[in-house]
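Letter by letter, the chains look like this.
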Amino acid sequence: MPALSLQSSTRLKRLLQGCAVWLSLSVPPVFGQDAIISSYIPDEDCEVVTQTDALLEYRCPGVFDVDVWFSIGDARWTVSFHKDRPSGLVLNQGFNRAHHPDLEVEWRFDGNQPMAALQLWRFYDEDGELDEGAWVITRIAGDEVCHMGFVDVVANEEALAMARRFADANAKSYSCADDPQWIGNPSGIPGHTHRSMR
């Protein structure tokens, strides 16, 4: 199973290359099924805030004073959303399988404030290849940042639409004290689990 070598920035750059860059930061929020989408090449678009043998952390420009924080270690990532630091239960949430999220964030809004983010996370199979993944829905509310739910792409034909509907309907009232859930048909991969360390 592939793992990020934080002692070699070359491997990390190869992993992150090829992502399209489109930052819609000057466009006002569009509601409903439309979206504002931010895409990143971290080595070009973001600031390295931490780099050790065990952790690489980027701060990337987000929208409306909410930045995106990518933290990478041992082929596992955390992605947080906050104006000035990584924050929330999301820092202690993750999947048991090694993974690589797509570096594109779709924002969902309450008025002109981000209330949720959608991001496609892909998981390594036994042959070291990335699968089709699942949409991860993250609540954004100041210091309250946590995974709300997941929609498996293979198991659900309308996966992105389902993720959007769930985020729009639940982000404002969702409690991070609740465990996130699979929405629609869950992943059919044995042993594919998510954990929240409280």
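Everything here concerns the structure above.
Asks: For the sheet that holds strand β3 (residues 56-63), give the residues involved together with the corresponding values.
Replies: Pairing between the strands of a sheet comes from backbone hydrogen bonds, and it takes one of two forms, parallel or antiparallel. Spatially, the 4 strands line up as an open sheet ordered β2-β3-β4-β5, and their pairing is antiparallel. If you trace the sheet from one side to the other, it starts and ends with β2 (47-51) and β5 (76-82), each paired once. Averaged over all pairs of adjacent strands, the angle between their axes in this sheet comes to 20°, without regard to strand direction. Strand direction decides the pairing type here: β2 and β3, joined by 4 bridges, are antiparallel. Along β3, the bridge assignment pairs V48 with Y58.

Asks: A description of the state of the cysteines should follow, citing residues and the corresponding values.
Replies: Applying the stated criterion across every chain, the model contains 2 disulfides. With its sulfur 2.1 Å from that of its partner, C46 forms a disulfide with C60. Linking C46 and C60, the disulfide has an S-S dihedral of approximately 105° and is accordingly described as right-handed. Here the residue C46 occupies a position in the loop between α2 (42-45) and β2, and C60 occupies one in strand β3, the gap between them amounting to 14 residues. Here the two residues C46 and C60 agree in accessibility, since each one is buried. Note that C146 is cross-linked by a disulfide to C176, the S-S spacing being 2.0 Å. Across the S-S bond of C146 and C176 the torsion is about -80°, and the bridge reads as left-handed. One end of the pair, C146, is in strand β11 (residues 144-152); the other, C176, is in the loop between α3 (159-170) and β12 (181-182), with 30 residues separating them in the sequence. Side by side, C146 and C176 carry an identical accessibility label, which is buried.

Rules and cut-offs
- Residues numbered from 1 in each chain as written.
- Predicted model: local features only at pLDDT ≥ 70, side-chain atom pairs only at ≥ 80, totals over all residues.
- Heavy atoms only, no water.
- Pairing = 2+ DSSP bridges.
- Helix = DSSP H or I, 4+ residues; strand = E, 2+ residues; numbered from the N terminus.
- Axes fitted to C-alpha atoms, helices over the stretch in contact; angles between N-to-C directions.
- Disulfide = S-S within 2.5 Å.
- Buried < 20%, exposed > 50% of the residue type's maximum accessible area, 1.4 Å probe, protein only.

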